Amino acid sequence: MKTEPQAHKPESPPEGPANVLVINAGSSSLKFTLFSMEGEAIRAKGIVERIGLDAPRLLYKRFDGKALKRKAEVRNHSDALRVVCDCLVDPDVGVLKTLDWVEAIGHRVVHGGEKFHEAVQIDPEVKQTIQSLAELAPLHNPPNLGGIEACERVFGDIPNVAVFDTAFHQSMLPSSYLYAIPYEYYEKYGVRKYGFHGTSHKYVAQSTAEFLEKPLARLKLITCHLGNGCSITAIERGRVLDTSMGMTPLSGLVMGTRCGDIDPAVILYLVRQGLSADDIDRMLNKKSGLLGVAGIGTSDMRDIIAAAEEGSEQAKRALHMFVHKLVSYIGAYETILEGADAVVFTGGIGENSAYIRSRVVSKLGCLGCFLDEDANEAALDCAAVISTPKSILKAVVMPTNEELMIARETVRVLTGVEEDDEKDGDS
Ligand code: ADP
């Protein structure tokens, strides 16, 4: 989203970086997207997979569709980044004359704890804090930091910006983010709701405001990110009031392999039955959700829908649970927002499955939301209103773009544009 220069600003912000590289470093992968911020166009994107494992490889795609897939001898994130950089400046498939053309790098960082309410330029203190937050995100923050340090090694002095999945949710009040357990556990261990997918929820909220031609500062939205991981967020005037993921990304909606909300005493019961913490962790994170309930060996929503259509009762039950939980949250968030303007669907399922959207919206009549079936069928991976004109609560499909949001945040941080200036302006 490009915002027009705001009349009330004393002067327009300094021009931002022209080429921004976005890095998403996981434990064994490094995803990258290179944006030209002029027109917000993707110049090239790809992934190095299986870092540190056998048969690592690079998948690369240029803006004009030219692509390559090749073996990459990489042991760590620095090796992987060097392979990516070689590709970006390659005379045959590359898009840059020299690496100097990359002017800034934005990094996805999963956990920013309570410390980071927005994206920040990375310095030694920020790195130290990301490291210390590894306790809360042991699978994510260490590789995220690995990606940052690889960029520092390969790119030298180019500014790096950290964009946190948790930051957007930091506007929640204690009544939303505290669990009803003794307060000392929050003080001593940081036990609270942090929320995740924040970069996606923020992007989708801003894009929906732009699409509906209303300032974000005057909208109440319920954004549903439905991918392999699923979360839902209540957003009032650009600020999160509540979200379904918690201290970890396990709580809330039914997901591909994660259980979502569950009575915590189930875990204690299973411990007393002799299961170990690791067993239970694996079961709740990797074997539950659609995979566990449908029991047909897949967590892929397309397969679950196909199996249900072929008559599988368990697949039908899994779909029913998925929809039931989502609708329950929409009802709750409609109440805490005291009436939302729109419920927004995004993520692989939200953007592509007219079937799931239809099942969800057909339950929202009591909230004044009615499905326009033709619009719903036509809305595939594009922005669309899928509710009828008489609906009080609109239903909207809005594709997410976390990489672009990270690139925009990187530019915003480096040009010193205040977050609130954006919120108050027309989005
Ligand atoms: P991730 O959370 O890993 O980024 P995605 O946002 O790509 O994942 O979402 C993946 C999910 O989207 C999978 O469950 C997949 O089955 C589902 N999906 C993609 N296309 C469709 C479709 N046409 N109908 C139903 N589900 C779909």
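Before reading further, recall that the structure is shown in the block above.
Quick summary incoming for the structure in this document. (Residues numbered from 1 in each chain as written. Predicted model: local features only at pLDDT ≥ 70, side-chain atom pairs only at ≥ 80, totals over all residues. Heavy atoms only, no water.)

**Topic: the sheet that holds strand β7 (residues 120-121)**
Strand order in the open sheet formed by eight strands is β5-β4-β3-β2-β1-β6-β8-β7, and the pairing between neighbours is mixed. Each of the sheet's edge strands pairs with one partner strand only, and the pair in question is β5 (67-71) and β7. In this sheet, strand β8 (residues 160-164) lies alongside β7 in antiparallel orientation, the contact comprising two bridges. From the neighbouring strand, valine 120 faces β8, where its bridge partner is alanine 162. (Pairing = 2+ DSSP bridges. Helix = DSSP H or I, 4+ residues; strand = E, 2+ residues; numbered from the N terminus.)

**What to know about unusual backbone geometry**
Even without being glycine, arginine 50 reaches a positive phi, approximately 60°. On the secondary structure map, arginine 50 appears in the loop between β3 (41-49) and β4 (57-62).

**Quick word on the site of the ligand**
Taken together, Gly227, Asn228, Gly229, Asp300, Met301, Arg302, Gly347, Gly348, Ile349, Asn352 and Ser353 make up the full set of residues near the ligand. Contact distances for the ligand include 3.3 Å between an oxygen atom and a backbone N or O atom of isoleucine 349. In the complex, the protein chains occlude 67% of the 570 Å² of accessible area that the ligand would expose alone. Sorting the residues of the shell around the ligand by element identifies α10 (301-309) and α12 (347-352) as the ones contributing at least two each. (Near = heavy atom within 4 Å. Polar contact = N/O pair within 3.5 Å; in protein donor to acceptor, adjacent residues only side chain to side chain. Areas by Shrake-Rupley, 256 points an atom, 1.4 Å probe, with all protein chains shown as cover.)

**A short note on the nonpolar core**
Of all hydrophobic cores here, the largest spans 46 residues; its most connected members are Phe322 and Val343. Where this core is concerned, the elements lending two or more residues are β9 (220-226), β10 (230-236), α9 (289-294), α10, α11 (313-336), β12 (342-346), α13 (354-361) and β14 (394-397). With ten residues, the single largest contributor to this core is α11. The contact partners of valine 343, leaving out residues within four places of it in the chain, are Ile222, Cys224, Ile330, Leu364, Cys369, Leu393, Lys394, Ala395 and Val396. (Core = buried A, V, L, I, M, F, W, Y, C linked by side-chain atoms within 4.5 Å. Buried < 20%, exposed > 50% of the residue type's maximum accessible area, 1.4 Å probe, protein only. Contact = heavy atoms within 4.5 Å.)

**As for the environment of serine 387**
Examined against the element boundaries, serine 387 turns out to sit in the loop between β13 (384-385) and β14. Serine 387 sits 19 residues away from glycine 368 along the chain, and the two C-alpha atoms are 9.8 Å apart.

**Some words on a nonpolar patch on the surface**
Taken together, Tyr179, Ile181, Tyr185 and Tyr189 make up a surface patch of nonpolar side chains, about 390 Å² in accessible area. Checked against the element boundaries, isoleucine 181 lands in the loop between α4 (174-177) and α5 (183-189). (Patch = residues over 30% accessible without salt bridge, like charges linked within 9 Å, V, L, I, M, F, W, Y side chains within 5 Å. Salt bridge = Lys/Arg side-chain N within 4 Å of Asp/Glu carboxyl O.)

**Observations concerning the state of the cysteines**
Under the definition given, this model contains zero disulfides. Cysteine cysteine 85 is unpaired, with the sulfur of cysteine 151 as its nearest cysteine sulfur at 7.5 Å. For cysteine 85, a relative accessible area of 3% corresponds to the buried category. (Disulfide = S-S within 2.5 Å.)

**A word on the sheet that holds β14**
If you walk across this open sheet you meet the six strands as β11-β10-β9-β12-β14-β13, and the pairing is mixed. The sheet terminates laterally at β11 (239-243) and β13, the two strands that pair on one side only. In this structure, β9 lies alongside β12, joined through five bridges in parallel fashion. The residue of β12 that forms the bridge with threonine 223 is valine 344. Lying over the sheet, helix α6 (residues 198-212) contacts β9, β10, β12, β13 and β14, oriented at roughly 130° with respect to β9. Most of the contacts of α11 go to β10, to which it runs at about 15°, and overall it touches β9, β10, β11 and β12. (Axes fitted to C-alpha atoms, helices over the stretch in contact; angles between N-to-C directions.)

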